[in-house]
Amino acid sequence: MCHSTFDEPGAFDEPAPTPGPCTTAIHGGLAPDPETGALVTPLVQSTTYVNEAVGLSKGHAYSRVSNPTVSALEAQLGAIEDAPPAVCFVTGLAAETALFLALLRQGDHAVLGDAIYGGTVRLFRQVLSGLGVESTFVDSSDPENVRHALRPNTRLVFIESPANPTMKLTDIAAVARIARGAGVPLAVDNTFLTPVIQRPLDLGADVCVYSTTKHIEGHSTAIGGSVVSRDEALLERVRFIRKCTGGIQAAFQAWLTVRGVKTLPLRLRQHSENALKVARALRANPHVAAVNYPGLDDFPQRELAERQHRGGLHGGLLSFEVAGGTEAAVRVLNGVRLCSLVEHLGSVETLITHPVTMTHADVPREQRLAVGITDGLIRLSVGLEEPEDVIADLERAIAEAHRGVPGGCAAREEESEVTPCVIR
Ligand SMILES: *Cc1c(COP(=O)(O)O)cnc(C)c1O
């Protein structure tokens, strides 16, 4: 807040306006360094902190427990979600792992959405199951499915909306009412939309998890994760697990992420506008069989999208299916030049992914197909290039795929000695 010299009582009886999202992202939780006056959060690489006397410290002891740069990021991420400081981790999956270890033990049960991030599915099916944690995956787009899956030993409901990569939505407020009624905490993976567009804690969720690697850092330069909640006891437990298991965010990655968050609201607005243009162009393309984007008029859950997403924005993620199945899809993926073929999303670059062979390769085929992840589905994370350039790249690759041109990849291999492009 700006303090004026005219501070006699009564001079300003207007209440201060609540700062807007850009103001909060740039200033919330952050302050100039009291030691040096540095405007920007200093990068503190020290592993350890000197005690002034026995039992007298400045709040940090050892960087596995806390670090001043990481603390700044935590305060900033809490501020943008009207929550206490977040707990930050070295990756999104480290954040999820700590949350699950904080809430679940042997004999406990979790109910999860069936179209959540592939790495979360793998963590439950291949790691936590071995520790005696049971899990049930349900189509959470019908909240009643969550209710029916609850058991006396259920200790967690975990959902993601929009679903990755089908974009199917879950009504977070409806699931929160069901979970609360049963006394079970609800966690939401809010990586796709971030608190700029979707605020699960305001809709009744108990905790949010993020891969800050994606939109929050936003420039593909720092891996990280966070847990955000208004439940101080839960945050304390997550911080304790982090200390015990050692998954804290690294200082330099935290420093980069602090910088990224400052433009998060701006970027999300532009990502959303660009994605809508790309989605409409794909929708009008005769060789595209389907486009999944919550901002399109014919999106099946349009009413929920309008209610749950803020500011008329729907994020940068969409998925689509080209006519001609897997073969045509692979040709499109190999044919794009501006879009980067990567296993990533939420960055300034437009990123294209083949879920079946990339992000969801470890998800069993039947489970994949049951949730609509078909062999020919393509996921697009629309970046901040001019959308017309992205559209031109996709339209050319789609036209070539339709004509049976093998794609830019094969063509480029003939020209040079580059390593062959293989989708893994
Ligand atoms: C990437 C991602 C994760 C995992 O985060 P990492 O930082 O890669 O460990 C979790 N959830 C969603 C939705 C993601 O996109």
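Residues numbered from 1 in each chain as written. Predicted model: local features only at pLDDT ≥ 70, side-chain atom pairs only at ≥ 80, totals over all residues. Heavy atoms only, no water.

**Q** Help me understand the packing of aromatic side chains, please; the structure alone is not making it clear to me.
**A** Ring pairs (aromatic) are described by centroid distance and by the angle formed between their planes. Counted by the stated rule, this structure contains three aromatic pairs. An aromatic cluster is present here, built from F100, F124 and F158 joined pairwise through their rings. Seen from the ring of F89, R242 lies directly overhead, with NZ or CZ sitting 5.9 Å from the centre. (Phe/Tyr/Trp six-rings, centres within 6.5 Å; stacked < 30°, edge-to-face > 60°. Lys NZ or Arg CZ within 6 Å of the ring centre and 35° of its normal.)

**Q** Where do I start with the site of the ligand in this structure?
**A** For the ligand, the set of nearby residues contains 13 residues, the closest of which are G92, D189, S211, T213 and K214. Here the ligand, which alone exposes 380 Å², has 92% of that area covered by the protein. Sorting elements by how many residues they give to the shell around the ligand places helix α3 (residues 92–103) first, with three residues. In terms of residue class, the shell around the ligand is built from three nonpolar, six polar and four charged. (Near = heavy atom within 4 Å. Areas by Shrake-Rupley, 256 points an atom, 1.4 Å probe, with all protein chains shown as cover. Helix = DSSP H or I, 4+ residues; strand = E, 2+ residues; numbered from the N terminus. Nonpolar A, V, L, I, M, F, W, Y, C, P; charged D, E, K, R; others polar.)

**Q** Is there a simple way to think about the nonpolar core in this case?
**A** Side chains that are nonpolar tend, in soluble globular proteins, to be buried together. Counting 33 residues, the largest nonpolar core has L73, L77 and V228 as the members making the most contacts within it. Breaking this core down by element, the ones donating at least two residues are α2 (68–79), α7 (194–197), β6 (207–211), α9 (251–261), α10 (264–283) and α11 (302–308). If one sorts the elements of this core by residue count, α2 sits on top with four residues. Aside from chain neighbours lying at most four places away, what touches L73 is C88, Q249, A254, T257, V258 and V261. Formed by 29 residues, the second largest nonpolar core is a distinct cluster that contains A102, A110, F137 and V238. (Core = buried A, V, L, I, M, F, W, Y, C linked by side-chain atoms within 4.5 Å. Buried < 20%, exposed > 50% of the residue type's maximum accessible area, 1.4 Å probe, protein only. Contact = heavy atoms within 4.5 Å.)

**Q** Got a minute to help me understand the pairing of strand β2 (residues 109–113) in this structure?
**A** The two faces of the sheet receive side chains in turn, since in a regular strand these alternate between them. Within β2, five of the five residues are buried, leaving the element largely enclosed by the surrounding structure. Here β2 shows no split at all, with H109, V111 and G113 on one side and A110 and L112 on the other all buried. Note: β2 against strand β3 (residues 134–138), five bridges, orientation parallel. In the strand pairing of β3, G113 is matched with V138. In the classification by handedness, the crossover that spans β2, the intervening helix α4 (residues 118–126) and the parallel β3 is right-handed. As defined by bridge partners, β2 adjoins strand β4 (residues 154–160) across four bridges and the pair is classed as parallel. In the strand pairing of β4, H109 is matched with T154. (Pairing = 2+ DSSP bridges. Right-handed = clockwise from strand over helix to strand, strands pointing away.)

**Q** I would appreciate a short explanation of the side chain of S272 in the present structure.
**A** Within the secondary structure, S272 is located in helix α10. Separated by 3.0 Å, the side chain of S272 and the backbone nitrogen of G315 make a polar contact. (Polar contact = N/O pair within 3.5 Å; in protein donor to acceptor, adjacent residues only side chain to side chain.)

**Q** It is not clear to me how the confidence of the model for the protein should be interpreted in this structure. Could you clarify?
**A** Confidence in the prediction for the protein averages 92 pLDDT; 92% of positions are at 70 or higher. Taken together, the stretch residues 1–11 has pLDDT below 50 and engages in five contacts with residues farther than four places along the chain or on a different chain. Note on residues 407–424: pLDDT is under 50 here. Beyond four places in sequence and across chains, it has 24 contacts. (pLDDT = per-residue confidence, 0-100.)

**Q** Can you walk me through the pairing of strand β9 (residues 317–322) in this structure?
**A** Taking burial as the measure, the six residues of β9 include six buried ones, the bulk of the element. Here β9 shows two buried faces, one formed by L317, S319 and E321 and the other by L318, F320 and V322. The sheet contact formed by strand β8 (residues 288–292) and β9 spans four bridges and is antiparallel. For V291, the partnering residue across the bridge sits in β9 and is F320. Pairing between β9 and strand β12 (residues 377–381): five bridges, direction antiparallel. Of the residues in β12, the one forming a bridge with L317 is S381.

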